[in-house]
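Letter by letter, the chains look like this.
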Amino acid sequence: MACVLLPALLTLLAAACTADGRSGGGPSGAPGAATPGEIVIASGRDVTGKGGIRQQLIDAWNERQEERRTGWTARLVELPGAADQQRSQLLGALQSGSAEYDVVNLDVTWVPEFAAAGVIRPLAKELLDRDMIDAVARTGRWKDDVVAVPFNSDVGLLYYRKDYLAKAGVKDPDLGGTVRTWDRLRSLVRTVDTADGLPDSYTKGWTTQLAPYEGRTVNAVEAFASVGAGGLVDAEGRYASDPDRIEDGLGELKDRTDGAYTLADATSSYEADTLNDFEAGRTAFLRHWPYAYRTLHQALPASRLGVAPLPGKAVLGGQNLAVSSDSPRAGAAADLIRFLTDKVSERCLLDAGFAATRRSAYTDANIECGARAPRSHPDPSTRAGTGTRAGADAGKDDDAGRGAGKGGGGSPGARGERTSRMPLDGDGRPAYAARTLLPALEHAVQRPRTPLYGAFTGTFAARLGPLFGDGSEEPGSAAAGGSSACRRPATDAALAVCLDRALREALPPGG
């Protein structure tokens, strides 16, 4: 999609100063309390690509500071490695003081751990205002404090092939919100399986991420929560379940992943594998995240691709911004977070393919976003939109609009991307955003919130291995629990007992 920067944008950024006094300080410190300098933001990779939307938002903040001559700048540092590696190196760096990170972009599951370790500081409670989606806002709290601000969210969704459903004789292949139960989904899979005219590549009804990593945990938590077995920890992050409830969750997980409906490769699949299988036509249904909407539409037209809320409960994902406890620039860092998570920035993130954290990004037609290519890298071929709301509203509250491009297919994705086949609504948002993505976020559930989340997910995913035929549990491993029965349980009840025992060893007991 095109990246557009209007000359009026900089005027707007320079002139706008909202009623909360965003002039360089912020809730964690008074303006001018620290010597101006560089704010360092540590984050994982931006899925919108090099120079993607996160960098563009940071560039826009830097240009605002330059116009105001505050002396502040912000620099993004992308951490290498997989999520677990990023978590380990980030936590270690903050605990040792070896890295000068002021702002850290945390996976939502890391927030309790970093807060309990004392490496991020409490923030002003008003940063989680009423515009923030309630379920998403809760990911930024730990105990009684606001310790992080949701930057972009995530939630499980159901993608499906409309063309396969049409060939199977489904009267209305645009399912919308009609697939509310897994029984309904399995019925549709059976219908597709018996259809004539499907491509030779078609193999099985649906696929998801069941390899022994976080994807398996997510799928299992969704299954457990859908049958009332999701309360695995209490508000303090202590273990709070029992074998009976775990057995209920295991039964639901087994039903969802039964080989009669599920692509066999799902048991070893990660996100990219399932995207490839779905795009190649091997399956009719796919559980995936919101970024897949844009990705899949590059290969499949809207007439062949649909998306709906996931049946049952769907798990929240996403990243939250926090201020490191040792930062000497806490006030300016909080000001930067406020900018990166305000209404317009969230609209920019939505247009780029992320799940926005604010309701207004989905519902307010007056909030618009043009791309934020810095002045040093303008792309004249994409400067389409003079005389738009950004120019007309220059000098007003900067939550009103930081750019242009309502409609027209413009989006601040990776710079240089000129076109996208992602369908848009009349206000230029991804077409599914208001009717599908927002309700999914509003009804989503969190994974267990505990400072020992790493221990939880490692144990949980490994102990589920017998359901999927992998070698997650080797004799003598921490997850194995020591007995041959726990390594290869014969029944769901036996596996529930073993999983319960392992989680009690991994987490502190509840009250």
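All residue numbers refer to positions counted from 1 along the written sequence of the respective chain. Reporting in this predicted model follows two pLDDT cut-offs: at least 70 for local features of residues, and 80 or more for side-chain atom pairs to be given and counted; totals over whole chains, interfaces and linings ignore these cut-offs and use all residues. Only hydrogens and water are set aside; all other atoms, that is, all heavy atoms of the structure, feed into the side-chain values.

### Regarding helix α3 (residues 83-96)
Stage number 1. Helix and strand assignments come from DSSP, with helices taken as H or I runs of at least 4 residues and strands as E runs of at least 2, each series counted from the N terminus. Given a helix with a known number of residues, its expected span is that number minus one, times 1.5 Å. Over its 14 residues, α3 runs 20 Å from end to end, which matches the ideal 20 Å to within 8%, given 1.5 Å per residue.
Stage number 2. Lining the buried residues of α3 we find β1 (38-43), β3 (103-107) and α4 (111-116).
Stage number 3. G97 lies just past α3 and shows a positive phi near 75°. Here a residue-residue contact requires only that any non-hydrogen atoms of the pair lie within 4.5 Å.

### Remarks on the state of the cysteines
Stage number 1. Put simply, a disulfide is two cysteine sulfurs that come within 2.5 Å. One pass over the full model with this rule turns up 1 disulfide.
Stage number 2. Between the sulfur atoms of C348 and its disulfide mate C369 the distance is 1.9 Å. Taking the sign of the S-S torsion, about 100° here, the bridge from C348 to C369 comes out right-handed. In this pair, C348 is assigned in helix α13 (residues 343-352) and C369 in the loop between α14 (359-363) and α15 (389-392), connecting sequence segments 21 residues apart.

### Comments concerning the packing of aromatic side chains
Stage number 1. Side-chain rings of Phe, Tyr and Trp, where Trp is taken by its six-membered ring, are said to pair if the distance between their centres is within 6.5 Å; with planes under 30 degrees apart they count as stacked, over 60 as edge-to-face, and otherwise as tilted. What the rule picks out here adds up to 9 aromatic pairs.
Stage number 2. Relative to F460, the ring of F224 has its centre 5.4 Å away and its plane inclined at 80°; by these criteria the two rings are edge-to-face. Residue F224 is located in helix α8 (residues 214-226), and its partner F460 is located in helix α17 (residues 453-463); the two are separated by 236 residues in the primary sequence.
Stage number 3. Think of it in three bands: residues with accessible area under 20% of the maximum for their type are buried, residues over 50% are exposed, and the middle band is partly exposed, with areas taken using a 1.4 Å probe on protein chains only. Residue class for F224 comes out buried when judged on its relative accessible area of 1%.
Stage number 4. Here the aromatic residues F224, Y453, F456 and F460 are joined through ring pairs into a cluster of three or more.
Stage number 5. When the ring centre of W289 is taken as origin, the NZ or CZ atom of R287, which lies over that ring, is 4.3 Å away. Our definition puts a charge over a ring when NZ of Lys or CZ of Arg is within 6 Å of the ring centre and also within 35 degrees of the ring normal.

### Comments concerning the pattern of salt bridges
Stage number 1. Here a salt bridge means any side-chain nitrogen of Lys or Arg lying within 4 Å of a carboxyl oxygen belonging to Asp or Glu. Under the defined criterion, the tally for this structure stands at 22 salt bridges.
Stage number 2. When the shortest N-O distance is used, the salt bridge between D129 and R358 registers 2.8 Å. Linking D129 in the loop between α4 and α5 (134-137) with R358 in the loop between α13 and α14, this pair joins segments that are 229 residues apart in sequence.
Stage number 3. A relative accessible area of 31% means that D129 is categorised as partly exposed.
Stage number 4. Given a relative accessible area of 5%, R358 falls into the buried group.
Stage number 5. For R429, the salt bridge is made with D427, and the minimal N-O distance between the two is 3.4 Å.

### Digging into empty space enclosed by the protein
Stage number 1. Throughout, the protein atoms alone are placed on a 1 Å grid, and a set of points is a cavity if a 1.4 Å probe fits but cannot get out or a pocket if it is open with protein on both sides within 12 Å along at least five of seven lines; lining residues have an atom within 4 Å of a point. Grid points are joined across faces, edges and corners, and a volume is the space filled by probe spheres set on the points. Per the counting criterion, the structure on display carries 4 cavities of 30 Å³ or more.
Stage number 2. As a volume, the largest cavity reaches approximately 60 Å³.
Stage number 3. Taken together, V108, T109, P112, L316, Q446, R447, P448 and R449 make up the lining of the largest cavity.

### With respect to the confidence of the model for the protein
Stage number 1. Known as pLDDT, the predictor's per-residue confidence is scaled from 0 to 100. In the predicted model, the protein carries a mean pLDDT of 84, and the fraction of residues at 70 or more is 80%.
Stage number 2. Across residues 371-418, where pLDDT falls below 50, the model places 150 contacts with residues more than four positions away in sequence or in other chains.
Stage number 3. Scored below 50 in pLDDT, residues 472-485 shows 27 contacts in the model against residues more than four places distant or in partner chains.

### Re the packing of helix α9 (residues 243-256) against helix α20 (residues 492-506)
Stage number 1. Contact geometry for α9 and α20: axes closest at 8 Å, N-to-C directions at 120°. For the element pair α9 / α20, the angle class is oblique. As α9 packs across α20, the resulting crossing turns out to be right-handed. Along the contact surface, α9 presents P243, I246, E247, L250, G251 and K254, while α20 presents D492, A493, L495, A496, V497, L499, D500 and L503.
Stage number 2. Residue type decides the class: Asp, Glu, Lys and Arg count as charged, Ala, Val, Leu, Ile, Met, Phe, Trp, Tyr, Cys and Pro as nonpolar, and the leftover types, Gly among them, as polar. Residue composition of the contact of α9 with α20, grouped by class: 9 nonpolar, 1 polar and 4 charged. Axis definition: a line fitted to C-alpha atoms, limited for helices to the stretch in contact. Angles are taken between N-to-C directions and run from 0 to 180 degrees. Any angle from 65 to 115 degrees is called roughly perpendicular, while one under 35 is roughly parallel, one over 145 is roughly antiparallel, and all others are oblique. Each crossing gets its handedness from the near helix: less than a right angle anticlockwise from the far helix is left-handed, clockwise is right-handed.

### Side note on the pairing of strand β10 (residues 305-309)
Stage number 1. Most of β10 is tucked away: 4 of the 5 residues are buried.
Stage number 2. A strand pair is defined by DSSP finding two or more bridges across the two strands. In the sheet, strand β7 (residues 157-161) pairs with β10 via 5 bridges, with the strands oriented antiparallel. Its bridge partner lying in β10, L157 is registered against P309.

### Some points on the environment of R501
Stage number 1. Within the secondary structure, R501 is located in helix α20.
Stage number 2. On the basis of relative accessibility, which here comes to 36%, the residue R501 falls in the partly exposed class.
Stage number 3. C-alpha of R501 to C-alpha of P243: the two residues are 258 residues apart in sequence and 8.7 Å apart in space.

### What to know about unusual backbone geometry
Stage number 1. For R69, which is not glycine, the phi torsion reads 60° and is therefore positive.
Stage number 2. For R69, the location among the structural elements is in the loop between α2 (53-68) and β2 (73-78).
Stage number 3. You can call R69 exposed: its relative accessible area is 77%.
Stage number 4. Positioned with a positive phi, K143 is a non-glycine residue whose angle comes to about 55°.
Stage number 5. Here K143 shows up in the loop between β4 (141-142) and β5 (145-146).

### As for the sheet that holds strand β11 (residues 316-323)
Stage number 1. The 5 strands are arranged β2-β1-β3-β11-β6 in an open sheet whose pairing can be described as mixed. In this open sheet, the two edge strands, each paired with only one partner strand, are β2 and β6 (149-155). The sheet shows a mean angle of 15° between the axes of neighbouring strands, direction not considered.
Stage number 2. Relative to β2, β1 is paired through 6 bridges, and the arrangement is parallel. Each bridged residue has a counterpart across the sheet, and for I39 the counterpart in β2 is A74.

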